[in-house]
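# Topology and contacts: notes
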Amino acid sequence: MKRAAVLFVCLGNICRSPLAEAAFRREAQRRGLEVEIDSAGTGSWHVGHPPDRRAQAVALRHGIDISGYRGRQATPDDFRRFTHIVALDRANLADLQGLRPADATAELLLLLDAVEGRQGKSVADPYYGDDADFDLTWADAVAGAKGLADLIEGQFQSRSSGRSPG
Ligand code: 4NP
């Protein structure tokens, strides 16, 4: 069966999408879910940059080192490479709809579409905020990661520890 591949996309790829990537990597590992995971920005300002120091700090408070992540910009080819492209907010979703090529195969959704009761909502941009805002971003990333893992398990049934036919 085809393997899931998930790309998280925000504006800068230094705050929200790296945290979503980190939370989902941990969630997938805990579940034994075989999935390729990456993140990108719709903008190009932070290409090659590590995550914002406040994003690095909140991840580290939860035991995850994201200092090695590097920013990149989303491309039309991502819509063929990934099975799920997950926008952090509605502006990112609109920008991605504009980038989507005619032969896209990826499913495009909002992170919080995977969270019961929060469908259609944006993860707030913490860039001009403080550590408390990054704590909220982390909480949204964790909730989104769990919901998305449930969704993908339902679609792919690809737990590495799970049963296989025959
Ligand atoms: P992110 O946050 O989209 O969550 O990575 C931002 C990072 C940088 C900028 C805006 C938002 N910026 O304007 O440079």
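Just above, that's the structure.
The following paragraphs examine the structure supplied in this document. Not measured: the values here are computed from a predicted model. The residue count restarts for each chain, going from 1 along the sequence in the order it is written. In view of the model being predicted, local features appear only for residues whose pLDDT reaches at least 70, and side-chain atom pairs are presented and counted only at 80 or more, with totals across whole chains, interfaces and linings using the full set of residues. Water and hydrogen atoms play no part in the side-chain values, which are based on all heavy atoms of the structure.

## Topic: helix α2 (residues 53-61)
Restricting attention to buried positions, one finds in α2 the residues Arg 54, Ala 55, Val 58 and Ala 59. The arc enclosing the buried residues of α2, seen along the axis, measures out at 135°, which places them on a common side. Set apart from the buried face of α2 by more than 90 degrees, the exposed residues are Arg 53 and Leu 60. At its buried positions, α2 is contacted by α1 (16-31) and α5 (131-156). Gly 63 occupies a position one or two residues after α2 and carries a positive phi of about 85°. Partly exposed residues are those whose accessible area sits between 20% and 50% of the maximum for their type, while under 20% is buried and over 50% is exposed, using a 1.4 Å probe and protein chains only. By the criteria applied, helices consist of DSSP H or I runs no shorter than four residues and strands consist of E runs no shorter than two, each listed in order from the N terminus. To be clear, the arc concerns the directions from the helix axis to the C-beta atoms. A contact between two residues is defined here by any heavy atoms of the two lying within 4.5 Å.

## Notes on helix α4 (residues 90-99)
The complete set of buried residues in α4 reads Asn 92, Leu 93 and Leu 96. End-on, the buried residues of α4 take up no more than an arc of 100°, which puts them together on one face. Of the exposed residues in α4, the ones pointing more than 90 degrees away from its buried face are Arg 90 and Gly 98. Elements in contact with the buried residues of α4: β1 (4-10), α1, α3 (78-81), β3 (84-87) and β4 (107-110). By the criterion applied in these results, polar contacts are pairs of N or O atoms within 3.5 Å in which, for protein atoms, one can donate a hydrogen and the other can accept it, and in which residues neighboring in sequence qualify only through two side-chain atoms. For α4, the N-terminal capping position is held by Asp 89, with its side-chain oxygen 3.0 Å away from the main-chain nitrogen of Ala 91.

## Comments concerning unusual backbone geometry
Here Asn 13, not a glycine, exhibits a phi torsion of approximately 60°, which is positive. Mapped onto the elements of the fold, Asn 13 is located in the loop between β1 and α1.

## Overview of the packing of aromatic side chains
Only Phe, Tyr and Trp rings are paired, with Trp represented by its six-membered ring, and only when their centres lie within 6.5 Å; those with planes under 30 degrees apart are stacked, over 60 edge-to-face, the remainder tilted. Counting across every chain of the model gives two aromatic pairs. Pairing Phe 8 with Phe 24 gives two aromatic rings, centres 5.5 Å apart and planes at 65°, and the pair type is edge-to-face. With Phe 8 in strand β1 and Phe 24 in helix α1, the pair connects residues that are 16 residues apart, well separated along the chain. Phe 24 carries the same exposure label as Phe 8, and that label is buried. With centroids separated by 4.9 Å and ring planes inclined at 80°, the aromatic side chains of Tyr 127 and Tyr 128 adopt a geometry described as edge-to-face. The exposure class assigned to Tyr 128 is exposed, which follows from its relative accessible area of 76%.

## Focus on the side chain of Glu 21
Tracing the sequence through the fold places Glu 21 in helix α1. In this structure Glu 21 comes out as buried when scored by relative accessible area, which is 5%. When residues no more than four places from it in sequence are discounted, the contact partners of Glu 21 are Phe 8, Ile 37, Asp 38, Ser 39 and Tyr 69.

## Quick word on the site of the ligand
Throughout, the term near means that a residue has one or more heavy atoms lying within 4 Å of the molecule or strand in question. Near the ligand the following residues occur: Cys 10, Leu 11, Gly 12, Asn 13, Ile 14, Cys 15, Arg 16, His 46, Asp 125 and Tyr 127. One of the side-chain N or O atoms of Arg 16 is found 2.7 Å from an oxygen atom in the ligand. Surface accessibility in these figures is a Shrake-Rupley result with a 1.4 Å probe; residues are shielded only by whichever protein chains are displayed. Expressed as a share of its isolated accessible area of 360 Å², the protein-covered part of the ligand is 90%. Partitioned by chemical class, the residues of the shell around the ligand number five nonpolar, three polar and two charged. Just so you know the grouping, Ala, Val, Leu, Ile, Met, Phe, Trp, Tyr, Cys and Pro go in nonpolar, Asp, Glu, Lys and Arg go in charged, and all remaining residues, Gly too, go in polar.

Worth remembering: the numbers are spatial, not functional.
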